[in-house]
Amino acid sequence: MQILFRNTALPISFASHRRSIIIALIIVSCVCYFMTVSPQGGYLSSKILSTERSIYKDSTGVLDVEQMDETLLDLAPSAESKPSHSFGNIIPHDPSTSHRANATLLMLARNSDLDGVISSVEQLEAKFNRKFNYPWVFLNDEPFSYEFKRRVKVLTNGDVSFGLIPHETWVQPPWIDEERARRGRNMLTQDGVIYGDSVSYRNMCRFNSGFFFRHELLTPYKWYWRVEPDVRFYCDLEYDPFVFMEDHDKIYGFTISMPEWESTIISLWSVVKEFILDHPEYVSPNNSMSFISDDAGDSYNMCHFWSNFEIADMDFWRGEAYTKFFNYLENTGGFYYERWGDAPVHSIAAALFTRKDQLHFFKDIGYKHAEFSHCPQGRQWREGHCSCNPNDSFDFAENSCLRHFMRLDDDWMFG
Ligand SMILES: Nc1nc2c(ncn2[C@@H]2O[C@H](COP(=O)(O)OP(=O)(O)OP(=O)(O)O)[C@@H](O)[C@H]2O)c(=O)[nH]1
Ligand SMILES: [Mg+2]
């Protein structure tokens, strides 16, 4: 009996052992299969995704992130392996498969600005550039310290250049009548105007108006994003704003617009009007005069794009219209006799010498400089994971110039 049991038991146990092996093999195969399609870590899944990234470009080569997310969801083979909602956000940007712009991030700074520089760079890297790796250019009127360079370079994977500004493009030109300039500074100081007494502030404004784009570190580039120390970037930026500008034939992008202190630019508009009379050929037929004037150009309403944030095309500043315009302004000495800012100078030129559809309001970029911020609204606020309060945006302030920009055309709302 025992033998019989043994004899019969042996084949039974061998057969069941074989079944177990086959079941185990099936389970292992299934696990391997689901690992490859799992959103959490499958090597193969990331391979599929990176291929899709290169497939789902529009005709201009720009990645349509929303389209890509939807497509990936469609591709998911089963409910179990469907990507989570945030899946699209963790796909690293792969510059090798995307169209890039000839662009740089740009900051003018002093060695003493280091903490504010680090704060701004750290944020822009986290919110945007970690995925895109655009280079940075830092400019200074004095050599950057070893410490400055060491602390800044470590913040980015992009190339970083540190440049010295040529003396003659920074300091007050020798032909400026210093006595007249001093009287101008005193007047603004008495009026309590910020930086009214500062020559270095005037140097900075003049440099930003007419020279930065000619610096040897910037001449290789077409596009720049101007960044200042101690600013805030509130939202994730999943697309490339330089490529956006290029593909949509834009020239100048901004986030905040406001009126200038009138006493700093007393004679600027009359000089601008003279220039327009001398050179009507540079004024675009489709210009944005109604952004900068409420009376068809008779007077300036002081509205300007706040130039501490700019994403713009340096070829426009290097072009014939702006070169002649800047030289015209420069020859009056107004940068030193008054305190002409680069913001009204850039804004007036952009408004007059470009088509209005070449100006772009980056309403999806949450940004703060000093006490004024722009916070995106609605879907853009949610999808950008913005940390700003959407109810606290300078756009709604009485003295914001956004309504002047909006009245140019309603297209900006859909642009
Ligand atoms: N190298 C250098 N950079 C300067 C100098 N003055 C200003 N800057 C930089 O130029 C930019 C504008 O200067 P700010 O002092 O911020 O001027 P602002 O934005 O009009 O005024 P704030 O409200 O004080 O920020 C910043 O990036 C500064 O770091 C200077 O004398 N030397
Ligand atoms: Mg500033």
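Residues numbered from 1 in each chain as written. Chains lettered and ligands numbered in written order. Predicted model: local features only at pLDDT ≥ 70, side-chain atom pairs only at ≥ 80, totals over all residues.

**Student:** I keep staring at the confidence of the model for the chain and nothing clicks. Help me out?
**Tutor:** Low pLDDT marks regions whose predicted coordinates should not be analysed in detail. In the predicted model, the chain carries a mean pLDDT of 82, and 75% of its residues have values of at least 70. A low-confidence stretch, residues 1-16 (pLDDT under 50), is modelled with zero contacts involving residues beyond four sequence positions or located in other chains. Note on residues 411-415: pLDDT under 50 across the span, and five contacts to partners over four residues away in sequence or across chains. (pLDDT = per-residue confidence, 0-100. Contact = placed C-beta atoms within 7 Å.)

**Student:** Whenever I open this one, the site of ligand 1 confuses me. Can you help?
**Tutor:** Around ligand 1, the surrounding shell holds 13 residues, and the nearest of these are Leu108, Asn140, Ser200, Met204 and Glu228. Secondary structure elements with two or more residues in the shell around ligand 1: β1 (103-108) and α7 (199-210). Looking at the shell around ligand 1 residue by residue, the classes come out as six nonpolar, three polar and four charged. (Near = placed C-beta within 6 Å. Helix = DSSP H or I, 4+ residues; strand = E, 2+ residues; numbered from the N terminus. Nonpolar A, V, L, I, M, F, W, Y, C, P; charged D, E, K, R; others polar.)

**Student:** Looking at this structure, I do not really get unusual backbone geometry. What am I missing?
**Tutor:** If a residue is not glycine, its phi is most likely negative; likewise, a peptide bond is most likely trans. The residue Tyr195 is not glycine, and still its phi comes out positive at about 60°. Counting through the fold element by element, Tyr195 comes out in the loop between α6 (178-190) and α7. Since 18 C-beta atoms lie within 10 Å of it, Tyr195 is described here as partly exposed. Positive phi values are uncommon outside glycine, yet Asp249 reaches one of about 55°. With respect to the helices, strands and loops of the structure, Asp249 is situated in the loop between α8 (241-247) and β6 (252-254). (Buried ≥ 20, exposed ≤ 12 C-beta atoms within 10 Å, placed from the backbone.)

**Student:** Help me out: how do you make sense of the sheet that holds strand β10 (residues 359-361) in this one?
**Tutor:** Backbone hydrogen bonds hold the strands of a sheet together, and the pairing may be parallel or antiparallel. With respect to topology, seven strands assemble into an open sheet ordered β3-β2-β1-β4-β9-β6-β10, the strand pairing being mixed. Strand pairing shows two members of the sheet lacking a second neighbour, β3 (160-164) and β10, which therefore form its edges. The mean angle between the axes of side-by-side strands here comes to 20°, regardless of whether they run parallel or antiparallel. Pairing geometry for strand β4 (residues 223-226) and strand β9 (residues 310-313), over four bridges, is antiparallel. Across the sheet, the residue bridging to Trp225 is Ile311, located in β9. (Pairing = 2+ DSSP bridges. Axes fitted to C-alpha atoms, helices over the stretch in contact; angles between N-to-C directions.)

**Student:** Just checking my understanding: could you explain the nonpolar core for this structure?
**Tutor:** Within soluble globular proteins, side chains that are nonpolar tend to cluster in buried spots. In terms of nonpolar packing, the biggest core is built from 83 residues, with Tyr224 and Ala349 touching the most fellow members. Examining the composition of this core, we find that eight residues originate from one element, helix α14 (residues 342-353), more than from any other. Apart from residues lying up to four places away in sequence, Ala349 is in contact with Tyr322 and Phe325. (Core = buried A, V, L, I, M, F, W, Y, C linked by C-beta atoms within 7 Å.)

**Student:** In this structure, what is going on with the sheet that holds strand β5 (residues 232-233)? I would like to understand it.
**Tutor:** Read across the sheet, three strands follow the order β5-β11-β12 without closing on themselves; strand pairing throughout is antiparallel. A strand with exactly one partner marks an edge of an open sheet, and here the two such strands are β5 and β12 (372-374). Both strand β11 (residues 367-369) and β12 contribute to a ladder of three bridges, which runs antiparallel. What sits directly across from His369, in β12, is Phe372.

**Student:** It is not clear to me how the environment of Asp113 should be interpreted in this structure. Could you clarify?
**Tutor:** Relative to the elements of secondary structure, Asp113 occurs in the loop between β1 and α4 (114-132). Judged by the 19 C-beta atoms lying within 10 Å of it, Asp113 falls in the partly exposed class.

**Student:** Hey, could you run me through helix α9 (residues 268-278) in this one?
**Tutor:** Every α-helix winds through 3.6 residues per turn, so residues three or four apart in the chain are directed the same way. The complete set of buried residues in α9 reads Leu268, Trp269, Val272 and Phe275. Within α9, the buried residues cover an arc of 115° as seen down the axis, which keeps them to one side. In α9, the exposed positions that point more than 90 degrees away from the buried face belong to Ser270, Glu274, Leu277 and Asp278. Against the buried residues of α9 lie α12 (320-332), α13 (334-337) and α14. (Arc of directions from axis to C-beta.)

**Student:** Even after reading the chapter, I still don't get the pairing of strand β2 (residues 136-140), so can you show me in this structure?
**Tutor:** The side chains of a regular strand alternate between the sheet's two faces. Burial runs high along β2: four of the five residues are buried. Between β1 and its parallel partner β2, the chain crosses via α4, and the hand of that crossover is right-handed. The pairing of β2 with β3 spans five bridges and is classified as parallel. Directly across from Asn140, in β3, lies its bridge partner Leu164. Chirality of the crossover, the property in question, places the unit of β2, helix α5 (residues 146-153) and β3 among those that are right-handed. (Right-handed = clockwise from strand over helix to strand, strands pointing away.)

**Student:** Help me out: how do you make sense of the packing of α12 against α14 in this one?
**Tutor:** Two quantities define a packed helix pair, namely the angle between the helix axes and the distance between the axes. At their nearest, the axes of α12 and α14 sit 11 Å apart, and the two run at 140° to each other. It follows that α12 is oblique to α14 by the angle criterion. Both α12 and α14 take part in a crossing whose hand is right-handed. Here α12 contributes Ala321, Tyr322, Phe325 and Leu329 to the contact with α14, which in turn contributes Val345, Ala349 and Phe353. (Parallel < 35°, antiparallel > 145°, perpendicular 65-115°, else oblique. Left-handed = near helix turned anticlockwise from the far one by under 90°.)

**Student:** Explanation requested: α12 in the structure shown.
**Tutor:** Here α12 is 13 residues long and its end C-alpha atoms lie 19 Å apart, about the 18 Å a rise of 1.5 Å per residue gives. Within α12, burial applies to Tyr322, Phe325 and Leu329. One side of α12 carries all its buried residues, which in axial view fall inside an arc of 65°. Away from the buried face of α12 by more than 90 degrees, exposed residues Glu320, Asn327 and Asn331 are located. Packing partners of the buried residues in α12 comprise α9, α11 (314-318), α13 and α14. (Expected span 1.5 Å × (residues − 1).)

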